[in-house]
Amino acid sequence: MYGGFLLILAPLFIGYLCKLPEGRLRQSMNRLIEYLVYLILALMGLSLGALDNLALQLKQMSSQALVLLLGLGLANLLALGGWARFSGWRLHTEEQVQFSRLHMLKGSLQLLGVVAAGVALGAWLPLPQGMAEQGAEYTLMLLLLFIGCQLRSSGIPLKQILLNPQGLIIALAVIGSSLLAGLLMAPYLQLSWNQSLALASGFGWYSLSAILIGEGMGPVWGGAAFFNDLARELVALLLIPILIRRAPPMAIGYGGATAMDFTLPIIQKSGGMSCVPVAIVSGFILSLSSPLLILFFLSLGS
């Protein structure tokens, strides 16, 4: 029952035992992680391209992703907004926001392009059944190994996480509100409670959620998870500069797991350096929790 759960998580914990020194080796590992993400998304696209009635399946995925995006996003913002009001945390910096949203959106659009290319290739060149899924699983295990190293090398000890209550509470608010929304959306999505909770546990980590959900629930739901979490990232790029001064917890929390990497530059530039430790801790907790929760909920139905 829990064999797949342990098999996927083992590389993450093994990687977490390894701390890489700063320098060329760590930079090379970061580049390799980026390449592996592209490879996983291309393989996911190949799997989607091999589906029968592809156009109908894509339409279904987009509607499912929209429901997830709206339901989870609303729940997260309500919970984070409540904490922002209770904590009274406001920013008073007058720093000028100096970044290009188009430049940051470029990375997300590239990811969509990789998936689209995979879908086109999969529809044109049918592969042996299960080949793309198996390749994606092995690649994911390697990716989790390197991500474990990256998390350990981020320099955040457990003590610092526990002593940063703002980052911890933001992460817990995202987790709690996401799981509640997942339970409420289960009947509408026509899913079992554990499957809906698994979908709600992506927290913006599109490459991970897409593959894990795809393996446990099929490529259509894997695609829905990918589009939901990628759309969340795109929305975060637009919302963070608007929300961060009046309600920093809402801006940081909506970034989800990406608050410690992809959306961190925009958090820093629009909110100042005081937001960086909070964002890193929140993103770290969500990044560590996402695979644990997804695999745990999926294992309950196996």
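Residues numbered from 1 in each chain as written. Predicted model: local features only at pLDDT ≥ 70, side-chain atom pairs only at ≥ 80, totals over all residues. Heavy atoms only, no water.

Right, let's get into the overall build of the protein. Of the regular secondary structure elements, the protein holds 13 helices and zero strands. Beginning at the N terminus, the succession of helices and strands in the protein can be written as α-α-α-α-α-α-α-α-α-α-α-α-α. Taking all 302 residues of the protein together, 53% fall into the buried category. Counting only contacts in the protein whose residues sit at least 6 apart along the sequence, the fraction spanning at least 24 positions is 84%. Surface accessibility of the protein: about 14,100 Å² in total, with carbon and sulfur atoms responsible for 67%. (Helix = DSSP H or I, 4+ residues; strand = E, 2+ residues; numbered from the N terminus. Buried < 20%, exposed > 50% of the residue type's maximum accessible area, 1.4 Å probe, protein only. Contact = heavy atoms within 4.5 Å. Areas by Shrake-Rupley, 256 points an atom, 1.4 Å probe, with all protein chains shown as cover.)

As annotated in UniProt, the feature "transmembrane region" (unreviewed entry) corresponds to residues 35-54, 66-87, 107-126, 138-156, 168-189 and 279-300 in the numbering used here. The distance separating the terminal C-alpha atoms of residues 168-189 is 30 Å; by composition the span is 100% helix and 0% strand. Summarising residues 279-300: 95% helix, 0% strand, and an end-to-end C-alpha distance of 31 Å. (UniProt positions renumbered as here; feature names shortened; annotations may be inferred.)

The next thing to look at is the environment of Gly135. Mapped onto the secondary structure, Gly135 falls in helix 5 (residues 131-153). Note on Gly135: relative accessible area 23%, which makes it partly exposed.

If you look at the biggest cluster of nonpolar residues, it comprises 90 residues, and the most contacted ones within it are Ile213, Ile252 and Ile267. In terms of residue count, the dominant contributor to this core is helix 13 (residues 276-299) (11 residues). Ignoring any residue separated from it by four or fewer positions in sequence, one finds Ile267 in contact with Ile240, Ile244, Ile252, Ala259, Gly272, Cys275 and Ala279. (Core = buried A, V, L, I, M, F, W, Y, C linked by side-chain atoms within 4.5 Å.)

All told, the structure shown has three aromatic pairs when counted by the stated rule. Ring centres of Phe226 and Phe227 lie 5.2 Å apart, and the angle between their planes is 65°; on these two criteria the pair is classed as edge-to-face. Residue Phe227 is classed as partly exposed on the basis of its relative accessible area of 26%. In this structure, Arg232 is placed above the aromatic ring of Tyr254, and the distance from its NZ or CZ to the ring centre is 4.9 Å. (Phe/Tyr/Trp six-rings, centres within 6.5 Å; stacked < 30°, edge-to-face > 60°. Lys NZ or Arg CZ within 6 Å of the ring centre and 35° of its normal.)

Three or more residues of helix 12 (residues 264-271) are buried, namely Leu264, Ile266, Ile267, Ser270 and Gly271. For helix 12, the angular spread of buried residues about the axis comes to 165°, placing them on one side. Two residues or fewer after helix 12 comes Gly272, characterised by a positive phi angle close to 95°. (Arc of directions from axis to C-beta.)

This part is about the confidence of the model for the protein. Mean pLDDT over the protein: 81, with 85% of residues reaching 70 or higher. Note that residues 94-98 has pLDDT below 50 and, in this model, 11 contacts with residues that lie over four places away or in other chains. (pLDDT = per-residue confidence, 0-100.)

A few words now on unusual backbone geometry. Negative phi values dominate among residues other than glycine, just as trans dominates among peptide bonds. The phi angle at Gln190 is positive, at roughly 60°, despite the residue not being glycine. With respect to the helices, strands and loops of the structure, Gln190 is situated in the loop between helix 7 (165-189) and helix 8 (193-199). Take Gln190: its relative accessible area is 72%, and that puts it in the exposed class. Although it is not a glycine, Phe203 adopts a positive phi angle of roughly 55°.

A few words now on the environment of Cys275. For Cys275, the location among the structural elements is in the loop between helix 12 and helix 13. Along the sequence, Cys275 and Gln166 sit 109 residues apart, while their C-alpha atoms lie 9.9 Å from each other. When residues no more than four places from it in sequence are discounted, the contact partners of Cys275 are Trp89, Leu91, Ile244, Ile252 and Ile267.

Looking now at the side chain of Ser177. Locating Ser177 in the fold gives a position in helix 7. You can call Ser177 buried: its relative accessible area is 8%. A polar atom in the side chain of Ser177 sits 3.3 Å from the backbone oxygen of Val174. Contacts of Ser177, omitting those with residues within four sequence positions, involve Ala75, Asn76 and Ala79. (Polar contact = N/O pair within 3.5 Å; in protein donor to acceptor, adjacent residues only side chain to side chain.)

Moving on, we come to the environment of Leu78. Following the sequence through the fold, Leu78 ends up in helix 3 (residues 54-87). Spatially, the C-alpha atoms of Leu78 and Ser177 are 8.3 Å apart, while their sequence positions differ by 99 residues.

Bringing the packing of helix 12 against helix 13 into the picture now. Two numbers describe how helix 12 lies on helix 13: the axes approach to 10 Å, and their chain directions differ by 155°. By the angle class used here, helix 12 and helix 13 are roughly antiparallel. When the axes of helix 12 and helix 13 are compared, the crossing they make is right-handed. The residues of helix 13 that touch helix 12, namely those facing Leu264, Ile267 and Gln268, are Val276, Ala279 and Ile280. Residue classes in the contact of helix 12 with helix 13 are distributed as five nonpolar, one polar and no charged. (Axes fitted to C-alpha atoms, helices over the stretch in contact; angles between N-to-C directions. Parallel < 35°, antiparallel > 145°, perpendicular 65-115°, else oblique. Left-handed = near helix turned anticlockwise from the far one by under 90°. Nonpolar A, V, L, I, M, F, W, Y, C, P; charged D, E, K, R; others polar.)

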